[in-house]
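Structure at a glance
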Amino acid sequence: MKFSGLRVLKEGLTGNTGWSPHWRDPEPRSEYDALIIGGGGHGLSTAYYLAKNHGMTNIAVLEKGYIGGGNIGRNTTIVRANYFLPGNSEFYSHSLKLWEGLEEDLNYNVMHSQRGMINLFHSDGQRDAFVRRGNAMVNQGDDAILLDREGVRDHLPYLDFENTRFPIYGGLYHPRGGTARHDAVAWGYARGADQRGVDLLQNCEVTGIDIENGGVRGVQTTRGVIRARKVGIVVAGRSGQVAAMAGLRLPIESHILQAFVTEGLKPCIDHVVTFGMGHFYISQSDKGGLVFGGDLDFYASYASRGNLPTAEHVMEAGMTLMPMIGKAKLLRSWGGIMDMTPDGSPIIDRTDTNGLFLNCGWCYGGFKAVPASGDAFAHLMATGRHHTDAQAFRLDRFRTGRGILDEEGTGSQHNLH
């Protein structure tokens, strides 16, 4: 089934009765060439690129729930490439380029909207830091424009420019930044992988990882034993738990990040906006809801909910930046389980167990990395070599201290990243 404007028009005129399922619901085979544990954005994109770029089609994605039911379907949908440090900068630049061709590649509308992102700064020190970041972005080949106070006012006239406690000095404008539809990204990759022969096994929880003579041989699941000599762990906040099945202890803590959505409103916020004096970020969805979030809950937890003090803190930051949102009614909120590394940067690497690979530690920025993460992880699993743009994401940097990617300069405390 190929999507086109003509097909959408035809189905709309004939009761939408001609659509077929986006992907199959197969029974597990006894053995595959490779298994991907985790049916979120990173797992689905890995399977897609394994099939598309490396010709591996005897693959299964194992998802304990349903496709798109985890963090990929519950996030603030921001896509950007405004990183500073070498190692991160080229990776996210690569990811943004993949985003820009993703809909054509997948033949699926992921609603990628390059509406622009503006990071506000509120002091001379913050301005200097953003000047350095902007220069690094330009040197990487991405776009960055430094705005003064009046430049910000031209783009964002609804902000509180009279706030004397947190005065707006200016902002760093990233025009190619924006948003995408989170669950559509999952569906698009799932559909693309299925079309290339990948089995998507839903309601298939992994309960054990079989290792023999130093190599992985398969997994135990709630739908039986499945054999494979290559297994990739891509399970976000559950990374530590699943890796423990293979005898691994990861430098990961799992924390909760809340996000919020208001009732649908008429278009009022054209960009993604971040508040430099309080961890707050906001955009408006195509449905009209204001989508925003802030800090982690700051304590380790596997509970998919958030505490009220953090929710209050996020609301306070939003009201400080743009008091107008106080008139909007909050529609819903949720908490996602984030796998936080000590330096705030991800891990894409092989383990000491032959055939066992890790993709984790995306902290609260994993959505924008989905295309490049899958591309790089598929390259590693297929060839045994690190992708050029993901060579810095080694697991051993936490043991040796070399190559640490502390993008925010906040030290080795998981919850500060």
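Given the structure is predicted, the values throughout are model-derived calculations rather than measurements.

Next up on the list: helix α9 (residues 308–321). Between the first and last C-alpha of α9 there are 20 Å, a value that for 14 residues agrees with the 20 Å anticipated at 1.5 Å per step. Thr310, Ala311, Val314, Ala317, Gly318 and Leu321 are the residues of α9 that are buried. Taken end-on, α9 shows its buried residues confined to a sector of 125°, consistent with a single buried face. Pointing more than 90 degrees away from the buried face of α9 are the exposed residues Leu308 and Pro309. In this structure, the buried side of α9 is in contact with β4 (117–121), β13 (253–264), β14 (272–275), β15 (280–284) and β16 (289–300).

Applying the stated criterion across every chain, the model contains 15 aromatic pairs. An angle of 80° between the planes, with centres 6.4 Å apart, marks the rings of Trp362 and Phe393 as edge-to-face. With Trp362 in the loop between β19 (356–360) and α10 (370–383) and Phe393 in the loop between α10 and α11 (397–400), the pair connects residues that are 31 residues apart, well separated along the chain. For the pair Trp362 and Phe393, one class covers both residues: buried. Here the aromatic cluster, defined as three or more aromatic residues joined through ring pairs, consists of Tyr83, Phe91, Tyr92, Trp362 and Phe393.

Under the definition given, this model contains 17 salt bridges. Residues Glu27 and Arg223 are paired through a salt bridge, measuring 3.4 Å at the closest nitrogen-oxygen approach. Pair noted here: Glu27 is in the loop between α1 (5–13) and β1 (34–37) and Arg223 is in the loop between β10 (215–221) and β11 (224–227), with a separation of 196 residues, a long-range link. Judged by its relative accessible area of 28%, Arg223 is partly exposed. Among the ionic pairs, Glu212 bridges to Arg227, the shortest N-O distance being 3.9 Å. You can see Glu212 sitting in strand β9 (residues 206–212) and its partner Arg227 sitting in strand β11, a full 15 residues away along the chain. Residue classification places Glu212 among the partly exposed positions, given a relative accessible area of 36%. Note on Arg227: relative accessible area 31%, which makes it partly exposed. Counted as one network, the salt bridges with shared partners bring together Arg24, Arg29, Asp194 and Asp199.

Each value, and the rule that gives it
Chains are numbered independently. Their residues run from 1 in the order of the written sequence. Restriction of local features to residues with pLDDT of at least 70 applies here, the model being predicted, together with a cutoff of 80 or more for giving and counting side-chain atom pairs; totals for whole chains, interfaces and linings are based on all residues. The basis for the side-chain values is all heavy atoms of the structure; hydrogens and waters are excluded. Each helix is a run of DSSP H or I of at least 4 residues and each strand a run of E of at least 2, with the numbering of both proceeding from the N terminus. Any helix carries an expected span of 1.5 Å times its number of residues minus one. For every residue, the accessible area (1.4 Å probe, protein chains only) is compared with the maximum for its type, and the residue is labelled buried under 20%, exposed over 50%, or partly exposed between those bounds. The arc in question is formed by the directions pointing from the helix axis toward the C-beta atoms. The contact definition used throughout considers only heavy atoms, calling two residues in contact when any of these lie within 4.5 Å. Pairing of aromatic side chains here covers Phe, Tyr and the six-membered ring of Trp, requires ring centres within 6.5 Å, and sorts the geometry by plane angle: under 30 degrees stacked, over 60 edge-to-face, intermediate tilted. Whenever Lys or Arg places a side-chain nitrogen within 4 Å of a carboxyl oxygen from Asp or Glu, that contact is recorded as a salt bridge.

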